[in-house]
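What follows is each chain in one-letter form.
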Amino acid sequence: LQGIFVLGLPYALLHSGYSGLLLIVLAAALCCHTGKVLIACLYEENEDGQLIRVRDTYEDIANACCKKLSPNLGGIVVNVTQVVELIMTCILYLVVSGNLLSHSFPYVPVTEKTWSVIAFVTLLPCIFIRTLKIVSKLSQLCSLVHFVIILVVITYCLTQMHQWSWAKFRLSLEFEDFLVSVGVIIFSYTSQIFLPTLEGNMKNPGEFRCMLNWTHFFACILKTTFALTAFLTWGEKTKEVITDNLPSFLETLVNLCLLTKALLSYPLPFFAATEIVHSCISKGNHSSYRSPLLALAVRGSFLLLTLLMAMFTPHFALLMGLSGSVTGAAMTFLLPSLFHLKLKWKKLSFLEKCADISVFILGFLCSLAGIVCSIKGLLEVFG
């Protein structure tokens, strides 16, 4: 999903101007910060002052924060939010796959929804994915394809350097267009849902903070370079997905790469969502709840659900924007900073408290603005 948002960064610069460059850097810093504070909530000090990992998941953190209200309330809210966001992401991959196939083979008399069904058939083996190791290998291939796409676009843009002009940057901004840019830029960095599992599976968890710093630093450099070169090349003609600006022979190649990336990206959110649901069901004492057959049934049901919603949900992009404004902002900004303040308040310095409160307020404002824009878009469509 981040790769798809990255392709919209040049369009975000079109509507945010010079402030967009600052936003790319600021979003990297904020997402890096919330990732660190989220992982900090997994640990508590023992009697000797050593940090011990006492929680394993986002759900455990939420339950620890809400235990006075209800032992499981926080976990339920977090799990529902995670599953909604992950399933919406899976549906988006199917919708995008159908769209890319339709644009890559315009002369084939097949509708976009039929192409989505064809893409769905290639994803059926996801039912049999049982370990994160398989998902990680597919994600590695996905990253490789992503770099190929970025390389192709940047290489073409460098051949057009003679057309570049800083005068293409806008100084005056439309507020609603600017909000769209904020959403695209921020959600190109989000990964908080996967961080507790990632940190727990690292050989040296102590290196997590360093890893997070470097990955966000390099992501910021790459995204700034990509967005800047593409926008300077096409200026006011920059389209929502930058690959649509490429010459036809390159556009087809990149669209096929994007299709491959979308299909390779699908297993990660799918696996994460089904594991959350299966673990919730398996908390019962009955051994039948933990059977492999149940896990297969959960994965099959979710796979079919993503197809049905991709086929029959009208105006899915607007619905995705609405749910993303709620779930994405909550999981990325609101909950990590709120949980950190709740669990670590007595041990935080004044500046650390100010940082968490500031991130929470910014996240709330971004979420509210996104909700208003999405609802306005839905009302215009249905009106």
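The name recorded for the chain in an unreviewed UniProt entry is Vesicular inhibitory amino acid transporter, from Erpornis zantholeuca. Looking at the chain in UniProt, the text filed under Sequence similarities (unreviewed entry) is "Belongs to the amino acid/polyamine transporter 2 family."

A. Structural detail: the overall build of the chain. For the chain, the helix and strand inventory stands at 15 helices and two strands. Rg of the C-alpha trace for the chain: 21 Å, near the compact-globule value of 21 Å for 383 residues, within the 12% margin. For the C-alpha atoms alone, the extent of the chain along its principal axes is close to 65 × 50 × 45 Å. When burial is assessed residue by residue, the chain has 47% of its 383 residues classed as buried. Partitioning the contacts of the chain with sequence separation of at least 6, the portion at a separation of at least 24 is 78%. As displayed, the chain offers around 19500 Å² of accessible surface, 69% of which is attributable to carbon and sulfur atoms. Mean positive and mean negative side-chain charge positions of the chain (26 and 22 charges, respectively) differ by 5 Å.

B. Local environment of the environment of lysine 168. By the secondary structure assignment, lysine 168 is in the loop between helix 7 (132-158) and helix 8 (175-186). With 32 residues separating them in the primary sequence, lysine 168 and serine 136 have C-alpha atoms 40 Å apart. Not counting chain neighbours up to four residues away, the residues in contact with lysine 168 comprise Gln163, Phe231, Leu232, Thr233, Trp234, Gly235 and Glu236.

C. Expanded view of the pattern of salt bridges. Scanning the model with the defined rule gives five salt bridges in all. Of the charged contacts, one joins arginine 55 and glutamate 44 as a salt bridge, the two residues approaching to 3.0 Å between their closest N and O atoms. Of the two residues, arginine 55 is situated in the loop between strand 2 (51-53) and helix 4 (58-65) and glutamate 44 in strand 1 (residues 43-45); the sequence distance between them amounts to 11 residues. The exposure class of arginine 55 is buried, given its relative accessible area of 11%. A relative accessible area of 21% places glutamate 44 in the partly exposed class.

D. Local environment of the nonpolar core. Residues Leu94, Phe226, Tyr266, Phe302 and Phe339 are the most contacted members of the largest nonpolar core, which totals 99 residues. For this core, the element with the most residues is helix 5 (residues 73-104), which contributes 13 residues. Excluding residues within four positions of it along the chain, phenylalanine 226 makes contact with Val6, Leu7, Pro10, Ile150, Val153, Ile154 and Ile242.

E. Looking closely at the confidence of the model for the chain. On average, residues of the chain score 84 in pLDDT, and 93% of them are at 70 or above. Across residues 285-289, where pLDDT falls below 50, the model places seven contacts with residues more than four positions away in sequence or in other chains.

F. Main features of helix 4. Counting buried positions over the eight residues of helix 4 gives seven, a clear majority of the element. Looking only at helix 4, the buried set comprises Tyr58, Glu59, Ile61, Ala62, Asn63, Ala64 and Cys65.

G. Up close: the packing of helix 5 against helix 11 (residues 248-265). The N-to-C vectors of helix 5 and helix 11 enclose an angle of 155°; their axes lie 9 Å apart at closest approach. Between helix 5 and helix 11, the crossing angle belongs to the class labelled roughly antiparallel. In this structure, helix 5 crosses over helix 11, and the sense of that crossing is left-handed. The segment helix 5 lies against helix 11, with Tyr93, Ser97, Leu100, Leu101, His103 and Ser104 engaging Thr252, Asn255, Leu256, Leu258, Leu259, Ala262, Leu263 and Ser265. When grouped by side-chain class, the residues that make up the contact of helix 5 with helix 11 number eight nonpolar, six polar and no charged.

H. Broad picture of the environment of tyrosine 18. Relative to the helices and strands, tyrosine 18 resides in helix 3 (residues 18-40). Residue classification places tyrosine 18 among the partly exposed positions, given a relative accessible area of 39%. Separated by 151 residues in the primary sequence, tyrosine 18 and phenylalanine 169 have C-alpha atoms spaced 6.6 Å apart.

I. Expanded view of the packing of aromatic side chains. One pass over the structure, following the stated rule, counts seven aromatic pairs. A centroid spacing of 5.9 Å and a plane angle of 90° characterise the contact between tryptophan 214 and phenylalanine 217, whose relative ring orientation is edge-to-face. Of this pair, tryptophan 214 and phenylalanine 217 both sit in helix 10 (residues 208-234), three residues apart, which is roughly one turn of that helix. The exposure class assigned to phenylalanine 217 is partly exposed, which follows from its relative accessible area of 43%. Through a chain of ring-to-ring contacts, the aromatic side chains of Trp214, Phe217 and Phe218 assemble into a single cluster. The ring centre of tyrosine 189 lies 3.7 Å from the NZ or CZ of lysine 223, which sits over that ring. In this structure, lysine 353 packs its charged tip against the face of tryptophan 345, placed 4.0 Å from the ring centre.

J. Seen up close, a nonpolar patch on the surface. On the surface, Trp345, Ile357, Ile361, Phe364, Leu365, Leu368 and Val372 cluster together to form a nonpolar patch covering roughly 660 Å² of accessible area. Residue position: leucine 365 is located in helix 15 (residues 350-382).

K. Here's a closer look at the packing of helix 12 (residues 267-281) against helix 13 (residues 292-312). The contact between helix 12 and helix 13 brings their axes to 10 Å, and the two run at 135°. On the basis of the axis angle, helix 12 is oblique to helix 13. The interaxial crossing formed by helix 12 with helix 13 has right-handed handedness. Within the contact between the two elements, helix 12 uses Phe270, Ala273, Thr274, Val277, His278 and Ile281 and helix 13 uses Leu294, Ala295, Val298, Arg299, Phe302 and Leu303. Each residue belonging to the contact of helix 12 with helix 13 can be placed in one class, and the counts come to nine nonpolar, two polar and one charged.

Conventions adopted
Residues numbered from 1 in each chain as written. Predicted model: local features only at pLDDT ≥ 70, side-chain atom pairs only at ≥ 80, totals over all residues. Heavy atoms only, no water. UniProt positions renumbered as here; feature names shortened; annotations may be inferred. Helix = DSSP H or I, 4+ residues; strand = E, 2+ residues; numbered from the N terminus. Rg over C-alpha atoms; globule rule 2.2 N^0.38 Å. Buried < 20%, exposed > 50% of the residue type's maximum accessible area, 1.4 Å probe, protein only. Contact = heavy atoms within 4.5 Å. Areas by Shrake-Rupley, 256 points an atom, 1.4 Å probe, with all protein chains shown as cover. Lys, Arg positive; Asp, Glu negative; His and termini not counted. Charge placed at Lys NZ, Arg CZ, Asp CG, Glu CD. Salt bridge = Lys/Arg side-chain N within 4 Å of Asp/Glu carboxyl O. Core = buried A, V, L, I, M, F, W, Y, C linked by side-chain atoms within 4.5 Å. pLDDT = per-residue confidence, 0-100. Axes fitted to C-alpha atoms, helices over the stretch in contact; angles between N-to-C directions. Parallel < 35°, antiparallel > 145°, perpendicular 65-115°, else oblique. Left-handed = near helix turned anticlockwise from the far one by under 90°. Nonpolar A, V, L, I, M, F, W, Y, C, P; charged D, E, K, R; others polar. Phe/Tyr/Trp six-rings, centres within 6.5 Å; stacked < 30°, edge-to-face > 60°. Lys NZ or Arg CZ within 6 Å of the ring centre and 35° of its normal. Patch = residues over 30% accessible without salt bridge, like charges linked within 9 Å, V, L, I, M, F, W, Y side chains within 5 Å.

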